[in-house]
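Commentary on secondary and tertiary structure
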Amino acid sequence: MQHIEVDYVIIGSGAAGLSCALKASESGTVALLTKETMPSGNTPLAQGGIATVLGEKDTYEMHIQDTLYAGAGECDLNAVEVLVKDGAKRVKQLFQMGFPFDKSIDGKPLMGREGAHSVPRVISSRGDGSGKALAETLWSEAKSRENILFYEQTFVLELLVSNNECTGLFALDMEKGGALIFYCRSVVLATGGCGQIFAHTTNNINCTGDGFALAYRAGAKLENMEFIQFHPTALKVDENPMFLISEAVRGKGAVLVNGNGERFMERYHAWAELAPRDIVARGIFAELSNGNQVSLDVSPLGKKFAKLFPSIFQACKKRGLSLPEDLVPVVPAAHFIMGGIRTDLNGRTSIKGLYACGEVASTGVHGANRLASNSLLEGLVFGHRVGGAVACEQFRSNKMHSAVLRAKSFNRKAIDTGDNKFIFALRELMWCKVGLVRSEEGLTDAVEQLKEMERNLLGGQNITAANMLTVACLIARNALARRETLGSHYRSDFSDGKSSDSLRPASNI
Ligand code: SIN
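Residues numbered from 1 in each chain as written. Predicted model: local features only at pLDDT ≥ 70, side-chain atom pairs only at ≥ 80, totals over all residues. Heavy atoms only, no water.

**Description of the site of the ligand**
Note the threshold: Any residue with at least one heavy atom within 4 Å of a molecule or strand is counted as near it. Any pair of nitrogen or oxygen atoms within 3.5 Å is treated as a polar contact; in protein, a donor-acceptor pairing is required on top of that, and neighbouring residues in sequence qualify only through side-chain atoms on both sides. Only the protein chains shown count as covering a residue, and every accessible area follows the Shrake-Rupley method with a 1.4 Å probe. Under this grouping Gly is polar, as are all residues other than the nonpolar Ala, Val, Leu, Ile, Met, Phe, Trp, Tyr, Cys and Pro and the charged Asp, Glu, Lys and Arg.
What surrounds the ligand is the set Gln47, Gly48, His231, Leu244, Ser246, Glu247, Arg277, His335, Arg370, Ala372 and Ser373. In the environment of the ligand, an oxygen atom lies 2.8 Å from a nitrogen or oxygen atom belonging to the side chain of His231. Here an oxygen atom of the ligand and a backbone polar atom of Glu247 are 2.7 Å apart. Compared with its free state, where it exposes 260 Å², the ligand has 95% of that area covered by protein. Classifying every residue of the shell around the ligand by side-chain character gives 2 nonpolar, 6 polar and 3 charged.

Shown next, in the form of structure tokens:
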């Protein structure tokens, strides 16, 4: 068993983890951990880009209002102000690091449009390669810092918490097989989301919700776990993860059509294809439920489609679709969780020395439905803030935690999911009963079935399955308890509730 002492341990190497590591490395030594290889998580999969106020016709106030509107009135205003105002600074810093942003003919950043944004506000890179370019930029900067140590293939089994203070963690080196114990001044969870607990998702195969489960087991407070965003347009192919067709494609003029070739989104919202994501996803769901196929018609973009969206063009070609001529069959898929580990605006959780940032955290910035392309921005902004905030923590006396003694009983087999029937059943259950459209009956059934799964899992421990089950239970129980429709949380038995379309006149766009 190896003992490692550093100032800060950051779990996760997406936009939030890397940003946090960069800032934290200014005041101490950092161990950056991922169960994958770096850079990891959903960041490299992100297509659309980063929402930020740069355009002449844009203002902070407009970005704030759009975020509040998309969030169905549930956002924390202070968090949104921080996101928008700090966001502009972080994007400037990103440009200084050499982020290869797409340019308009005057050399300025090209601003794209996405759903519920009142002006074009999304910067991109290589068309639809924004997340990959962001990850590469941050990763290459992180590699240049001497006091950031990288631990790949390292799976965190337990946080070391006693008396509500976190003093480190205990992990498995999946490559060499040994246990690692980290002692530090603070631990930062930047572990991303949990899309993999649903049968259909755009999330990376490793987004199994480990961070939520670790925090929950340690006794941290979590909130709003029922707010799951379903992206309207995943490519309808039986794959995991599902390939995303970016909202930016609709922003450039692609339209949604049903099996009769009719544009239908105008029936659901005056902004049609560019309505907030929850509304577009439900519009598609309604068409599908009526037996219609739904497709994206990209022909309005003509031959320039391939240049604007090279990755999507290639991915569709690989799957037998020729764009812009062919219709692209699409379905909604689990994409993002708005709730998570409750934090303040500097990422402090309810446990001393434990911080969270990015998708795993709940600052209130997204309310009940996230605005498009605010997630990479969130990672940059709150990762940086947490990286600064951790400097105030001191080493605390670290008592050997009982978990450490259990270290030897785990090996890689306890983590790999492979062809796990339990996980398959869990994902199907979550999709069918805790998905885009929920009801008292379905949720009650899901909660009961999850309880049964908890009983079955006891003993035969696969850690990933256990983490997924913990997160699934939190989501299903919260969804049952929230007896209203609100943003992304749609209850068919409370369908006249508040959703984002009731909050703002529909004529702004
Ligand atoms: C997209 O490109 O449609 C996804 C971007 C996001 O999740 O905000």
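**Comments concerning the packing of aromatic side chains**
Threshold: Here the aromatic set is Phe, Tyr and Trp, taking the six-membered ring for Trp, and pairing holds for ring centres within 6.5 Å; pairs whose planes are under 30 degrees apart are stacked, those over 60 apart are edge-to-face, and all others are tilted. Only DSSP runs of H or I reaching four residues or more are called helices, and only runs of E reaching two or more are called strands; each is numbered from the N terminus. Should the NZ of a Lys or the CZ of an Arg lie within 6 Å of a ring centre and within 35 degrees of the ring normal, that charge is described as sitting over the ring.
In total, this model carries 8 aromatic pairs according to the counting rule given. When the centroid spacing of 5.0 Å and the interplanar angle of 80° are considered together, the rings of Trp139 and Phe150 count as edge-to-face. Of this pair, Trp139 sits in helix α4 (residues 130-143) while Phe150 sits in strand β6 (residues 148-151); the two residues are 11 residues apart in sequence, bridging distant segments of the chain. The interplanar angle of 90° and the centroid separation of 6.2 Å between the aromatic rings of Phe264 and Tyr268 together place this pair among those described as edge-to-face. A cation over an aromatic ring shows up here: Lys103 above the ring of Phe101, its NZ or CZ 5.1 Å from the ring centre.

**Quick look at empty space enclosed by the protein**
The line we're drawing: Using a 1 Å grid laid over the protein atoms alone, points where a 1.4 Å probe fits but cannot get out form a cavity; open sets with protein on both sides within 12 Å along at least 5 of 7 lines form a pocket; any residue with an atom within 4 Å of a point counts as lining. Grid points are joined across faces, edges and corners, and a volume is the space filled by probe spheres set on the points.
Per the counting criterion, the structure on display carries 3 cavities of 30 Å³ or more. Approximately 40 Å³ is the volume found for the largest cavity. Surrounding the largest cavity, Cys194, Gly195, Phe198, Asn203, Ile228, Ala334, His335, Phe336, Ile337 and Glu359 form its lining. Tallying contributions element by element places strand β15 (residues 328-337) first for the lining of the largest cavity, with 4 residues.

**Considerations on the sheet that holds strand β8 (residues 165-173)**
What counts, and what does not: At least two DSSP bridges between two strands are needed for those strands to be called paired. As a rule, the C-alpha atoms of each element are fitted with a line to give its axis, helices using only the stretch in contact, and angles between N-to-C directions run from 0 to 180 degrees.
Reading across from one edge, β1-β9-β8-β7 is the order of the 4 strands in this open sheet, with mixed pairing throughout. Lying at the two open borders of the sheet, with one neighbouring strand each, are β1 (2-5) and β7 (154-162). Sheet twist, expressed as the mean angle between neighbouring strand axes with direction ignored, is 25°. Both β8 and strand β9 (residues 179-183) contribute to a ladder of 5 bridges, which runs antiparallel. Residue pairing for β9: Ala171 is matched across the bridge by Leu180.

**Some words on the state of the cysteines**
For the record, the criterion: Throughout, disulfides are identified as pairs of cysteine sulfur atoms within 2.5 Å of each other.
With the rule as written, the count across this model stands at 0 disulfides. Free of any disulfide, Cys184 has its nearest neighbouring cysteine sulfur in Cys166, separated by 6.1 Å.

**Notes on the packing of helix α12 (residues 421-433) against helix α13 (residues 440-457)**
The relative placement of two packed helices comes down to the angle between their axes together with the axis-to-axis distance. As a reminder, the rule being used: An angle below 35 degrees is treated as roughly parallel, one above 145 as roughly antiparallel, one from 65 to 115 as roughly perpendicular, and anything else as oblique. Crossings are sorted by hand: turned counterclockwise from the far helix by less than a right angle, the near helix makes the crossing left-handed, and turned clockwise it makes it right-handed. Whether two residues touch is decided by their heavy atoms; if any such pair falls within 4.5 Å, the residues are in contact.
Two numbers describe how α12 lies on α13: the axes approach to 10 Å, and their chain directions differ by 165°. On the basis of their axis angle, the class for α12 and α13 is roughly antiparallel. As for how α12 packs across α13, the hand of that crossing is left-handed. Contacts between α12 and α13 involve Phe422, Ala425, Leu426, Leu429, Met430 and Lys433 on the former and, on the latter, Gly442, Leu443, Asp445, Ala446, Gln449, Leu450, Met453 and Leu457. Its residues placed into classes, the contact of α12 with α13 shows 10 nonpolar, 2 polar and 2 charged.

**Considerations on the nonpolar core**
Cut-off, in case you're wondering: We define the nonpolar core as a collection of buried residues of types Ala, Val, Leu, Ile, Met, Phe, Trp, Tyr and Cys that are connected through side-chain atoms lying within 4.5 Å of one another. A 1.4 Å probe rolled over the protein chains alone gives each residue an accessible area, and that area as a share of the maximum for its type sets the label: buried under 20%, exposed over 50%, partly exposed in between.
Counting 62 residues, the largest nonpolar core has Leu159, Leu169, Phe182, Leu189, Leu450 and Ile475 as its most contacted members. Tallying contributions element by element places helix α14 (residues 463-481) first for this core, with 11 residues. Excluding anything up to four places from it in sequence, Leu169 contacts Val9, Ile11, Leu33, Val156, Glu158, Leu159, Leu160, Leu180, Ile181, Phe182 and Val187. Membership of the second largest hydrophobic core comes to 47 residues, among which are Ala16, Ala79, Trp139 and Ala190.

**Some words on the confidence of the model for the protein**
Put simply, the rule is: In predicted models, pLDDT denotes the confidence assigned by the predictor to each residue on a 0 to 100 scale.
On average, residues of the protein score 93 in pLDDT, and 93% of them are at 70 or above. The model gives residues 502-509 a pLDDT under 50, and that stretch makes 20 contacts with residues more than four places away or in other chains.

**Looking at helix α2 (residues 60-70)**
Since there are 3.6 residues in each turn of an α-helix, residues three or four apart along the chain are aligned in direction. Restricting attention to buried positions, one finds in α2 the residues His63, Ile64, Asp66, Thr67, Leu68, Tyr69 and Ala70. Ala72, located one to two residues past α2, shows a positive phi value of around 60°.

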